[in-house]
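Listed below are the residues making up each chain.
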Amino acid sequence: MVNIGEQITSRRKAKSYSQEELAGKIEASRVMIGKYERGDNLPSVEVIVKLAKAFEVSVDFLLGEGPNASYDKEMIRRLDELENLPDEEKKYVFHYMDLIIRNFKTKTAYAH
């Protein structure tokens, strides 16, 4: 499992939030944000949900656990939309994705 304090710090900095700004977004104190980040206190489930919303990630992503832990909310939203496409449309999307992935792998292989 990911260290929740490190994850909070990392996500906060990625969003360019100060501890004070993050505290305001989740209705907590700056002191508590500092305690969470240092690992002095663990956030409750309710606070973890508020943090995930503030960072625009899933709870799985924030905790580093679960089937969607590596996906941010934008990726999950797009996967949900993809899942609802007709099979023929999915085929086109997958084909295009495969081309991009193959191209990336080729560039990566020749870059070294």
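Structure: see above.
Along each chain, numbering runs from 1 in the same order as the chain's sequence is written. Totals for whole chains, interfaces and linings use every residue, but because this is a predicted model, local features are given only for residues with pLDDT of at least 70 and side-chain atom pairs only at 80 or more, for both listing and counting. To obtain the side-chain values, all non-hydrogen atoms of the structure were included, while hydrogens and water were left out.

*Asks:* What am I meant to see in the environment of Glu89 here?
*Replies:* In DSSP terms, a helix is any run of H or I states spanning at least four residues, a strand is any run of E spanning at least two, and both are numbered starting from the N terminus. Secondary-structure assignment places Glu89 in helix α7 (residues 87-111). Partly exposed residues are those whose accessible area sits between 20% and 50% of the maximum for their type, while under 20% is buried and over 50% is exposed, using a 1.4 Å probe and protein chains only. Of the residues examined, Glu89 reaches a relative accessible area of 40% and is grouped as partly exposed. C-alpha separation for the pair Glu89 and Ser18, spaced 71 residues apart in sequence, amounts to 43 Å.

*Asks:* I keep staring at the layout of surface pockets and nothing clicks. Help me out?
*Replies:* A pocket here means an open set of points on a 1 Å grid, computed over the protein atoms alone, that has protein on both sides within 12 Å along at least five of seven lines. A cavity is instead a set of points where a 1.4 Å probe fits but cannot get out; residues with an atom within 4 Å of a point line either one. Grid points are joined across faces, edges and corners, and a volume is the space filled by probe spheres set on the points. Quantified by volume, the largest pocket comes out at close to 180 Å³. Lining the largest pocket are Asp72, Glu74, Met75, Arg78, Leu79, Leu82, Val93 and Met97. If you list the elements that add at least two residues to the lining of the largest pocket, you get α6 (73-83) and α7. Among the elements that make up the lining of the largest pocket, the one with the highest residue count is α6 (five residues). Note that Gly is not counted as nonpolar here; it falls among the polar residues with everything else outside the nonpolar set of Ala, Val, Leu, Ile, Met, Phe, Trp, Tyr, Cys and Pro and the charged set of Asp, Glu, Lys and Arg. Of the residues assigned to the lining of the largest pocket, the class counts are five nonpolar, no polar and three charged.

*Asks:* What am I meant to see in a nonpolar patch on the surface here?
*Replies:* On the surface, a nonpolar cluster with roughly 220 Å² of combined accessible area is contributed by Val45, Val49 and Val59. Note that Val49 resides in helix α4 (residues 45-55). Exposure above 30% relative accessible area and no salt bridge define the residues that can form patches, which grow by joining like charges within 9 Å and nonpolar side chains of Val, Leu, Ile, Met, Phe, Trp and Tyr within 5 Å. Residue burial considers only the protein chains on display, and all accessible areas are found by Shrake-Rupley using a 1.4 Å probe. Here a salt bridge means any side-chain nitrogen of Lys or Arg lying within 4 Å of a carboxyl oxygen belonging to Asp or Glu.

*Asks:* Which parts of the structure should I look at to understand the nonpolar core?
*Replies:* For the purposes of this section, nonpolar cores are sets of buried Ala, Val, Leu, Ile, Met, Phe, Trp, Tyr and Cys residues that join through side-chain atoms within 4.5 Å. Counting 18 residues, the largest nonpolar core has Ile8, Leu22, Ile26, Leu51, Phe55 and Leu62 as its most contacted members. Secondary structure elements with two or more residues in this core: α1 (4-14), α2 (19-26), α3 (30-38), α4 and α5 (59-63). Per element, the largest residue contribution to this core is six residues, and it comes from α4. Apart from the residues lying within four places of it in its own chain, the contact partners of Ile8 are Leu22, Tyr36, Glu37, Pro43, Leu51 and Phe55. In what follows, a contact means two residues having at least one pair of non-hydrogen atoms within 4.5 Å.

*Asks:* For this particular structure, what's the right way to read the environment of Glu65?
*Replies:* For Glu65, the location among the structural elements is in the loop between α5 and α6. Placed 29 residues apart in sequence, Glu65 and Phe94 show a C-alpha to C-alpha distance of 26 Å.

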